[in-house]
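Structural characterization, general
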Amino acid sequence: MADHGAAEPSSRSGSPDQEGQVSEDRSLLHQKLAVKELMDTEVSYLHMLRLCADIRSRLQQLPQGDLDVLFSNIDDIIKVNSRFLHDLQETASKEEEQVYLIGRLFLEFKEELEEVYKVYCASYDQALLLVEAYRKEPELQQEIQGIIELVVPQAGFSGLSFLLVHPLQRITKYPLLLQKILANTPLDARYPVLQRATSALQDVNANINEYKMRKEVASKYAKVEQLSLRDGPHQHTHTLSKKTTRLSQLLKQEAGLVPRTKDKEFDNLEERFQWVSLCVTELKNNMAAYLDNLEAFLRYRPHEYNLDIPGGPVVQYCSLARDLQLEAFVKFKNRLEGLVWRPLCSLSKALVGPQNLIKKRLDKLLDFEQVEEKLLEVGSVTYEEEATRHTYQALNSLLVAELPQFNQMAMRWLGQILLTFMALQRDLAEQVLQRAEGSMAQLPHHHFSEPAFRKLMEDSLGETSNQLRSFQETFERVPPPPMMQPLLPGSEHQVQALLTKYGTEKLYQVTSNISRAGTLDLTLLRGQIVALLQNKDTKGNSGRWLVDTGGNCGYVPARKLQPYQVVPSEDPRGLTPEPTQAPGSSAPTITQVVAAYPFVARSSHEVSLEAGQPVTVLEAQDKKGNPEWSLVEVNGWRGYVPSGFLARAPSPAPWGWSLPT
């Protein structure tokens, strides 16, 4: 009895140590099971991701755009998780440090996991909308389901939904698995690292949710709001009320009544973005003009014209021009449209979304400032006002986070377009030189060195420039003949009366028909003679002149009058216009002449002329014997024209220049 009683306390005193050992063993066992669960589920998850990629390659009946939305950046997820699993499996070789290494591994992959999974999660809702749309098309849904069941039989009726949800489930399960390992880890050196890893993965999920919310806000406001009458009066009233309130807030800020919220970081990003947008717009306009000019150039085919120069370099030139026009230039134009113009249009289109978001941010900023003012004054806001604050904060955070990346991407895109354009120009030059190499050997100056040929061309162009300058100076010294219209039949006495009353310096001739526009205006015919009374109207407008027709006074447009120059006639009964053709080209006595100036018929007895048009003179006078009018035939039409508008056809004199040999 005594021995038994003495042994009993000893048995009870050893029990706590045994229980502690058992508890520690149990925790270690649970920790190993949690680590095994992490590794086993990671292997299964990566296998499922690869099956998803295989299914995507089999869904050929779906558009590429749909596949990009459904599977998003699953290839990037596979790359990241493959490296993660490889490093995770390597920790098994160091059993004592495995938990510590797992914590370090999650901390190392934190940023990569967040980067790839936030993109996938942001497009997940849009992918589900596509899945629902496919279910409304039984034949397409049956084809998709058949492919999925062939690769992943366990997907069942859920099909695409079963596959697409795996990345979302995995990223949210990482913190839970780490917490399970952490709960069975003693408070030693491994515990803080594992604790930081658990907290880091929780932050990753929180950041992904915030990013997803920002993307939803961005997709809501990416398009410009356009209300129509069909939207209903309530929506119109609500929208107008918001715009009125925002305008009031903006006017208060402009007047300095309320402070303006300043965000230097966003302002710098917006300025950079607007600069990029301006560069893209300018380049697009210039490229459009370049393509238009190139199209016009391709319509001009010099090799099809007869140069009237037999043999020699002309034949070689025509052959080279035909080759370039039909092949090299056409190929260049097609490559330019495909490699420069279309990417430039895509870049310009990509700028629309951020531009709309920036505009919407300004609206939301004005709403946010009003809510902040109310919060300072009252101390509380409504649920809708709180949602307004969150909307602005989400939109602003999204722009601040993504505008730098977008600006960099747009600049790289723009730079690549410019480099491509330069490369195309260089390729075109090389092709032209290569095709012209054989023809260049037959040119008279092919043996010249480049400096000598440049000197030759400079001298030739200088000589040509001097010829053109001399021709210009000669042309400017010779005044052009006055474009006087013939007098209206029977108007000689009226012109004589105006000349006697006002003198020659006051007479003007109407250059085109004038219709009456006001009560004080006149209606005049082309060629009619008037006298200037005042070179402005009662309001001081110098564009309306007061004139006298010899019977009526009124206003006419000054731009339709030109000075009338007259010379005394041998016949004292009337006046004739000053000759308007070159010397020696009065009323022609030959049958075939040309029209020296254009003439517009004013009645059925007259016929219109175009400058340089061949004219056949039937009678060198009218029926009354007046030589100022001639009966002619033009393109099968007969009628009278002013004799002064006809001239002999001069024989062309040779002119020009040639390169020195």
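Let me begin by describing the structure that accompanies this report. (Residues numbered from 1 in each chain as written. Predicted model: local features only at pLDDT ≥ 70, side-chain atom pairs only at ≥ 80, totals over all residues. Heavy atoms only, no water.)

**A few points about the overall build of the protein chain**
Secondary structure assignment for the protein chain yields 16 helices and 12 strands. Per-residue burial over the protein chain gives 36% buried out of 661 residues. Partitioning the contacts of the protein chain with sequence separation of at least 6, the portion at a separation of at least 24 is 68%. By element, 55% of the accessible surface of the protein chain is carried by carbon and sulfur atoms, the whole surface being about 40,400 Å². (Helix = DSSP H or I, 4+ residues; strand = E, 2+ residues; numbered from the N terminus. Buried < 20%, exposed > 50% of the residue type's maximum accessible area, 1.4 Å probe, protein only. Contact = heavy atoms within 4.5 Å. Areas by Shrake-Rupley, 256 points an atom, 1.4 Å probe, with all protein chains shown as cover.)

**What to know about the packing of aromatic side chains**
In total, this model carries 12 aromatic pairs according to the counting rule given. Considering the side-chain rings of Tyr597 and Phe645, the 5.9 Å spacing of their centres and the 80° angle between planes classify their relative orientation as edge-to-face. Of this pair, Tyr597 sits in the loop between β8 (592-595) and β9 (614-619) while Phe645 is found in the loop between β11 (637-642) and β12 (646-647), placing the two residues 48 residues apart along the sequence. By relative accessible area, which is 11% here, Tyr597 ends up buried. Considering the side-chain rings of Phe599 and Phe645, the 5.8 Å spacing of their centres and the 75° angle between planes classify their relative orientation as edge-to-face. Of this pair, Phe599 sits in the loop between β8 and β9 while Phe645 is found in the loop between β11 and β12, placing the two residues 46 residues apart along the sequence. (Phe/Tyr/Trp six-rings, centres within 6.5 Å; stacked < 30°, edge-to-face > 60°.)

**Topic: the pattern of salt bridges**
Where charged atoms from two side chains of opposite charge come close, those side chains can pair. Going through the model one piece at a time under the given rule, you end up with 24 salt bridges. For Arg335, the salt bridge identified is with Asp427, shortest N-O distance 3.7 Å. Residue Arg335 is located in helix α12 (residues 313-350), and its partner Asp427 is located in helix α14 (residues 383-440); the two are separated by 92 residues in the primary sequence. Relative accessible area serves as the criterion here: at 29%, Arg335 is assigned to the partly exposed category. Taken together, the shared-partner salt bridges connect Glu295, Lys333 and Glu337 into one network. (Salt bridge = Lys/Arg side-chain N within 4 Å of Asp/Glu carboxyl O.)

**Observations regarding the environment of Gly551**
By the element assignment, Gly551 lies in the loop between β3 (544-548) and β4 (553-557). A residue is classified by how much of its surface remains accessible, and Gly551, at 62% relative accessible area, is exposed. For the pair formed by Gly551 and Val530, sequence separation is 21 residues and the distance between their alpha carbons is 10.0 Å.

**Some thoughts on helix α3 (residues 74-90)**
Taking 1.5 Å per residue as the helical rise, α3 with its 17 residues ought to reach 24 Å, and the 24 Å between its terminal C-alpha atoms agrees with that figure. Every buried residue of α3 is accounted for by Ile74, Ile77, Ile78, Val80, Asn81, Phe84, Leu85 and Leu88. (Expected span 1.5 Å × (residues − 1).)

**Quick notes on helix α8 (residues 166-183)**
Relative to the 26 Å expected for 18 residues at 1.5 Å per residue, α8 spans 25 Å between its end C-alpha atoms, a close match to the ideal helical length. Approximately 35° is the largest bend angle found in α8, and it occurs at Lys173, with the proline Pro175 only one to four residues beyond. The complete set of buried residues in α8 reads His166, Pro167, Leu168, Arg170, Ile171, Tyr174, Pro175, Leu177, Leu178, Ile181 and Leu182. (Bend = angle between axes of the 7 residues up to and from the residue.)

**With respect to the packing of helix α2 (residues 64-71) against helix α5 (residues 124-135)**
At their nearest, the axes of α2 and α5 sit 7 Å apart, and the two run at 125° to each other. Compared by their axis directions, α2 and α5 come out oblique. Like other packed secondary-structure pairs, α2 and α5 cross with a definite hand, here left-handed. Contact with α2, carried on its side by Asp66, Val69 and Leu70, involves Gln126, Ala127, Leu130, Val131 and Tyr134 of α5 and no other residues of that element. (Axes fitted to C-alpha atoms, helices over the stretch in contact; angles between N-to-C directions. Parallel < 35°, antiparallel > 145°, perpendicular 65-115°, else oblique. Left-handed = near helix turned anticlockwise from the far one by under 90°.)

**Side note on the sheet that holds β8**
Read from one edge of the open sheet, five strands run β11-β10-β9-β8-β12, paired in antiparallel fashion. With one partner strand each, in any of the chains shown, β11 and β12 form the two edges of the open sheet. Sheet analysis places β9 next to strand β10 (residues 629-634), joined by three bridges and oriented antiparallel. When the sheet's bridge partners are listed, Val617 is paired in β10 with Val632. (Pairing = 2+ DSSP bridges.)

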